[in-house]
Amino acid sequence: MYSQDEMLKQCPKPEGDIGRYVGIKMNERHPPLWQWGLSYITINDDDIILDAGCGGGEAVKLLARHSAKGIIYGIDHSEDMVKLSVETNKDLIDANRVRITKASISKLPFPDSSFHLVTAFETYSFWPDIINDFQEVRRVLKPGGIFLLVHSAYKHELFEERNNYWSELFGMKIHSPEEINNILINLEYESVQIFEKAETNWLTAVAKKPFK
């Protein structure tokens, strides 16, 4: 069996046998976090959605249940996670409800104004350039589209030791709610809302691309 450190080190880009194991465990353990984050938005049944950093693909499947007539796209920079996500969503892919591809958040392979919703579950702390990458999300959102960020860590004194350990272990950047809020506002997102679940150190941010 793999050690905790071995598994944690895979989080930025799960690869190989251990990466596949981590992806499967993420599929099993993270739905309560995803559902909590999704409770702050409304999804229409024909929305076109992008899950940025889809990992093992279970979040894509969850989004497909919310948008029963829409198309859900998933991207990941790990070839092994793309393969696992394809396996997880095989029936939905066959029904042309889900499309999974390998891609970088820093250069999304989609035209401007493609999506009603872009989700980032447990991913944005690993993005290489958060300013550029949030701008890239804004580009592919339709006017009035929603950017939903959901993460299980944010700066808080009660979790400082754990969060510092995670940051050092795999180089993730853990932000405060204020930092996320300010970045989104400075990038001209609007209607920005930040929600915290302090007892678990969970954070959800909701932001809208302006209509103008």
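This text follows the structure it describes.
Residues numbered from 1 in each chain as written. Predicted model: local features only at pLDDT ≥ 70, side-chain atom pairs only at ≥ 80, totals over all residues. Heavy atoms only, no water.

Asks: Please clarify how the sheet that holds strand β4 (residues 115-121) should be interpreted in this entry.
Replies: Ordered by their spatial adjacency, seven strands build an open sheet running β3-β2-β1-β4-β5-β7-β6, and the pairing between neighbours is mixed. Taken across any chain shown, the strands that pair with only one partner, and hence form the sheet edges, are β3 (98-102) and β6 (190-197). Between one strand and the next, the sheet's axes are offset by a mean angle of 15 degrees, whatever the strand orientation. Judged from the five bridges that link them, strand β2 (residues 72-76) and β3 form a sheet pairing that is parallel. Its bridge partner lying in β3, Gly74 is registered against Ile100. Along the sheet face, helix α5 (residues 79-88) touches β2 and β3 and points at about 165 degrees away from the line of β3. (Pairing = 2+ DSSP bridges. Helix = DSSP H or I, 4+ residues; strand = E, 2+ residues; numbered from the N terminus. Axes fitted to C-alpha atoms, helices over the stretch in contact; angles between N-to-C directions. Contact = heavy atoms within 4.5 Å.)

Asks: Sorry if this is basic, but what is going on with the pairing of β2 here?
Replies: Regular strands place their side chains on alternate faces of the sheet. Buried residues dominate β2, accounting for five of its five residues. The two faces of β2 match: Ile72, Gly74 and Asp76 on one face and Tyr73 and Ile75 on the other face are all buried. Two strands pair when backbone bridges link them, and strand β1 (residues 49-52) and β2 are joined in this way by four bridges, in the parallel orientation. Note on β2: the bridge partner recorded for Leu50 is Tyr73. Between β1 and its parallel partner β2, the chain crosses via helix α4 (residues 58-66), and the hand of that crossover is right-handed. (Buried < 20%, exposed > 50% of the residue type's maximum accessible area, 1.4 Å probe, protein only. Right-handed = clockwise from strand over helix to strand, strands pointing away.)

Asks: What is the right way to look at the environment of Arg65 in this model?
Replies: Take Arg65: it is sitting in helix α4. Put simply, Arg65 and Gly53 are twelve residues apart on the chain and 18 Å apart in space, counted from C-alpha to C-alpha.

Asks: Help me understand helix α3 (residues 31-38), please; the structure alone is not making it clear to me.
Replies: Spacing of three or four residues puts side chains on the same side of an α-helix, whose turn is 3.6 residues. In terms of burial, α3 is largely enclosed, as six of its eight residues are buried. Listed in full, the buried residues belonging to α3 are Pro31, Leu33, Trp34, Trp36, Gly37 and Leu38. Here the buried face of α3 lies against α2 (16-29), α4, β4, β5 (141-151), β6 and β7 (202-208).

Asks: Just checking my understanding: could you explain unusual backbone geometry for this structure?
Replies: Peptide bonds are, in most cases, trans, and in most cases residues other than glycine have a negative phi. A positive phi is found at Ser113, a non-glycine position, where the angle reads about 55 degrees. Position of Ser113 relative to the elements: it lies in the loop between β3 and β4. Judged by its relative accessible area of 30%, Ser113 is partly exposed. Its identity as a non-glycine residue notwithstanding, Glu188 has a phi of 70 degrees, on the positive side. Relative to the elements of secondary structure, Glu188 occurs in the loop between α9 (177-186) and β6. For Glu188, a relative accessible area of 49% puts it in the partly exposed group.

Asks: What is the right way to look at the pattern of salt bridges in this model?
Replies: Side-chain pairing between opposite charges can occur once the charged atoms of the two side chains come close. Counted according to the given criterion, the structure contains eight salt bridges. A salt bridge links Arg20 to Glu87; the shortest N-O distance between them is 2.9 Å. Here Arg20, found in helix α2, pairs with Glu87, found in helix α5; they are 67 residues apart in sequence, far enough to count as distant. A relative accessible area of 46% places Glu87 in the partly exposed class. Linking Arg139 and Asp112 is a salt bridge whose minimum nitrogen-to-oxygen distance equals 2.8 Å. Highlighted residues: Arg139 in helix α7 (residues 130-140) and Asp112 in the loop between β3 and β4, separated in sequence by 27 residues. (Salt bridge = Lys/Arg side-chain N within 4 Å of Asp/Glu carboxyl O.)

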